[in-house]
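A structural walkthrough
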Amino acid sequence: MKTGRLLKFKRPGGEVHAYLFHDGDVVRASLYLMAPGYEESAVHEVTGSDSDEVEAEVRDWIDCYFPS
């Protein structure tokens, strides 16, 4: 089991949860839409070498596809 951080974003269509974790030298983020029919699989994934850059890309993607 990997440990990381869970970010939650409340949006009109449901909450978007982003789980950020280190996988060796790579930082990964898996994004889940917490709405009926979407909870089972990630709706988007982001990878990078720097956790701040990955988090910024996650926030930009959520703002683009799930604006508040």
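This report concerns the structure included in the present document. None of these values were measured; they are calculated from a predicted model. (Residues numbered from 1 in each chain as written. Predicted model: local features only at pLDDT ≥ 70, side-chain atom pairs only at ≥ 80, totals over all residues. Heavy atoms only, no water.)

1. Some details on the pairing of strand β1 (residues 4-11)
In terms of strand pairing, β1 meets strand β2 (residues 14-23) through eight bridges, oriented antiparallel. Pairing of Leu7 across the sheet is with Ala18, part of β2. A loop of two residues connects β1 with β2, the two strands running antiparallel in sequence. (Pairing = 2+ DSSP bridges. Helix = DSSP H or I, 4+ residues; strand = E, 2+ residues; numbered from the N terminus.)

2. With respect to the environment of Ser41
By secondary structure assignment, the location of Ser41 is in the loop between β3 (26-34) and β4 (44-48). For Ser41, a relative accessible area of 45% translates into the label partly exposed. Sequence-wise, Ser41 and Ala29 are 12 residues apart; in three dimensions their C-alpha atoms are separated by 13 Å. (Buried < 20%, exposed > 50% of the residue type's maximum accessible area, 1.4 Å probe, protein only.)

3. So, the nonpolar core
Counting 16 residues, the largest nonpolar core has Val16, Ala18, Ala29, Leu31, Val54, Val58 and Ile62 as the members making the most contacts within it. At the level of secondary structure, the elements contributing two or more residues to this core comprise β1, β2, β3 and α1 (51-65). (Core = buried A, V, L, I, M, F, W, Y, C linked by side-chain atoms within 4.5 Å.)

4. A closer look at the packing of aromatic side chains
Per the counting criterion, the structure on display carries three aromatic pairs. Grouping aromatic residues by their ring pairs yields a cluster made of Trp61, Tyr65 and Phe66. (Phe/Tyr/Trp six-rings, centres within 6.5 Å; stacked < 30°, edge-to-face > 60°.)

5. Topic: the sheet that holds β2
Reading across from one edge, β1-β2-β3-β4 is the order of the four strands in this open sheet, with antiparallel pairing throughout. The open sheet has two edge strands with one neighbour each: β1 and β4. Shown here is a sheet whose adjacent strand axes are inclined to one another by a mean of 15°, direction ignored. Note that β2 and β3 share nine bridges and pair antiparallel. The residue of β3 that forms the bridge with Asp23 is Val26. (Axes fitted to C-alpha atoms, helices over the stretch in contact; angles between N-to-C directions.)

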